[in-house]
Amino acid sequence: GPEPLDEGVVLLHGYALDCAEPLMESIHRVAEKAPFRHMVTPGGHAMSAAMTCCGPLGWVTDARGYRYQAQDPESGVPWPEMPEVFRHLAWAAAKEAGFPGFKPDACLINRYGLGARMGLHQDKDERDFAWPIVSVSLGLPVVFQLGGLRRSDRPQRVLLEHGDVLVWGGPARMRYHGVLTLKAGAHPLTGANRYNLTFRKAD
Ligand code: MD5
Ligand code: FE
């Protein structure tokens, strides 16, 4: 089976390469219905990554806080359906990493342009932390910060490249993590951007 990076963290290097083109086409189709936007944190700062969602639940942030909800706040209508290629990839990667039966109900799509980053944080808005999170990287590479269970734990740096899939769960589920600033580049499928799909069981 795959090599864990650390307890509960499995990096499936290149696992999404074979389906990268359908994934990107699906991202663009989702974004026609639910455009990428820079959501605002409860502290009043616009996030540097642009986001959209698909699936029964979408993650949102605004002045009221962080939460999952069934409707896109910009349009008031349900998030677009989760494309089959997304659902299959998330399920298969989770199984490969030792989490059979993963049926995510939320997919957050992050688009990082030049200079975008994501500060160290924990993912803790989900109901059941027994399910893993599956993260798919497309396009330009970025340095991922894999921290510990306390914010003060010094993060390890892991390069995430096009097609990489990261699965973490169990003892790693609540680890702090983030991504460093995206550098300039050009990728044949994504241009100057990095996309990240984050699959979660939120409800
Ligand atoms: C990203 N997104 O690259 C990252 C990948 C987010 C987010 O963090 O919340 O949208 S998710 C990688 C991740 C999540 C939770 C735990 C760990 C990694 N981990 O312990 O390594 O846009
Ligand atoms: Fe996160």
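See the structure shown above.
Let me begin by describing the structure that accompanies this report. (Residues numbered from 1 in each chain as written. Chains lettered and ligands numbered in written order. Predicted model: local features only at pLDDT ≥ 70, side-chain atom pairs only at ≥ 80, totals over all residues. Heavy atoms only, no water.)

## Digging into the packing of aromatic side chains
Describing an aromatic ring pair means giving the distance of the ring centres and the angle of the ring planes. Threshold: For Phe, Tyr and Trp, rings pair up if their centres lie within 6.5 Å, where Trp contributes its six-membered ring, and each pair is then called stacked (planes under 30 degrees apart), edge-to-face (over 60) or tilted (otherwise). Working definition: helices are DSSP H or I runs of at least four residues, strands are E runs of at least two. Numbering for both runs from the N terminus. A ring is scored as having a charge over it whenever the NZ atom of a lysine or the CZ atom of an arginine sits within 6 Å of its centre and within 35 degrees of its normal.
Under the counting rule described, the total for this entry stands at four aromatic pairs. Ring centres 6.1 Å apart and planes at 40° place the aromatic pair F102 and W131 in the tilted group. In this pair, F102 sits in the loop between α2 (84-96) and β6 (106-112) while W131 sits in the loop between β7 (118-121) and β8 (133-139), placing the two residues 29 residues apart along the sequence. A cation over a ring is seen here: R111 above F36, with NZ or CZ 4.7 Å from the ring centre.

## As for the state of the cysteines
Going by this rule: Disulfide assignment relies on a single distance test, namely cysteine sulfur atoms paired within 2.5 Å. Exposure categories follow from relative accessible area, calculated using a 1.4 Å probe and restricted to protein chains: below 20% of the type maximum is buried, above 50% is exposed, and the middle band is partly exposed.
According to the stated counting rule, one finds zero disulfides in the structure shown. With no disulfide partner, C107 has as its closest neighbouring cysteine sulfur the one in C54, 4.2 Å distant. A residue is classified by how much of its surface remains accessible, and C107, at 1% relative accessible area, is buried.

## Things to note about the sheet that holds β7
Strand pairing in a sheet relies on backbone hydrogen bonds. The paired strands run either parallel or antiparallel. Counted only if it meets this: At least two bridges found by DSSP between two strands are what make those strands a pair. Interaxial angles span 0 to 180 degrees and are taken between N-to-C directions of axes, which are lines fitted to C-alpha atoms, for helices over the stretch in contact.
What the four strands build is an open sheet, ordered β7-β12-β9-β10; its pairing is antiparallel. The two strands at the open ends of the sheet, each matched to only one other strand, are β7 and β10 (156-160). This sheet shows a mean twist of 20° between the axes of neighbouring strands, independent of strand direction. Bridge count between strand β9 (residues 142-146) and β10: five bridges; the pairing is antiparallel.

## Concerning the coordination of the iron ion (ligand 2)
To keep things clear, this is the line we draw: Here a donor is an N, O or S atom found within 2.8 Å of the metal, or within 3.2 Å if the metal is Na, K or Ca; sites may look incomplete because water is not among the atoms.
Each protein donor to the iron ion (ligand 2) is listed here as H121 (NE2), D123 (OD) and H177 (NE2); together their distances run 2.1 to 2.2 Å. Read in sequence order, the donor residues for the iron ion (ligand 2) give the motif H-x1-D-x53-H. In this structure H121 comes out as partly exposed when scored by relative accessible area, which is 21%. The exposure class of D123 is buried, given its relative accessible area of 6%.

## Section: the packing of helix α1 (residues 20-33) against α2
The cut-off we apply is this: The cut-offs work like this: below 35 degrees is roughly parallel, past 145 is roughly antiparallel, 65 to 115 is roughly perpendicular, and the gaps in between are oblique. Should the near helix be turned counterclockwise from the far one by less than a right angle, the crossing is left-handed, whereas a clockwise turn marks it as right-handed. In this description, contact between two residues means that some pair of their heavy atoms is separated by no more than 4.5 Å. The nonpolar class holds Ala, Val, Leu, Ile, Met, Phe, Trp, Tyr, Cys and Pro. Asp, Glu, Lys and Arg form the charged class, and all remaining residues, Gly among them, are polar.
Two elements in contact, α1 and α2, have axes whose closest approach is 9 Å; the angle formed by their N-to-C orientations is 130°. Here α2 runs oblique to α1, going by the angle between their axes. Where α1 crosses over α2, the two elements pack in a sense that is left-handed. Residues P22, L23, S26 and I27 of α1 touch α2, and the partners they reach there are V85, F86 and L89. Taken together, the residues that form the contact of α1 with α2 break down as six nonpolar, one polar and no charged.

Geometric descriptors of this kind do not, in isolation, establish any biological role.
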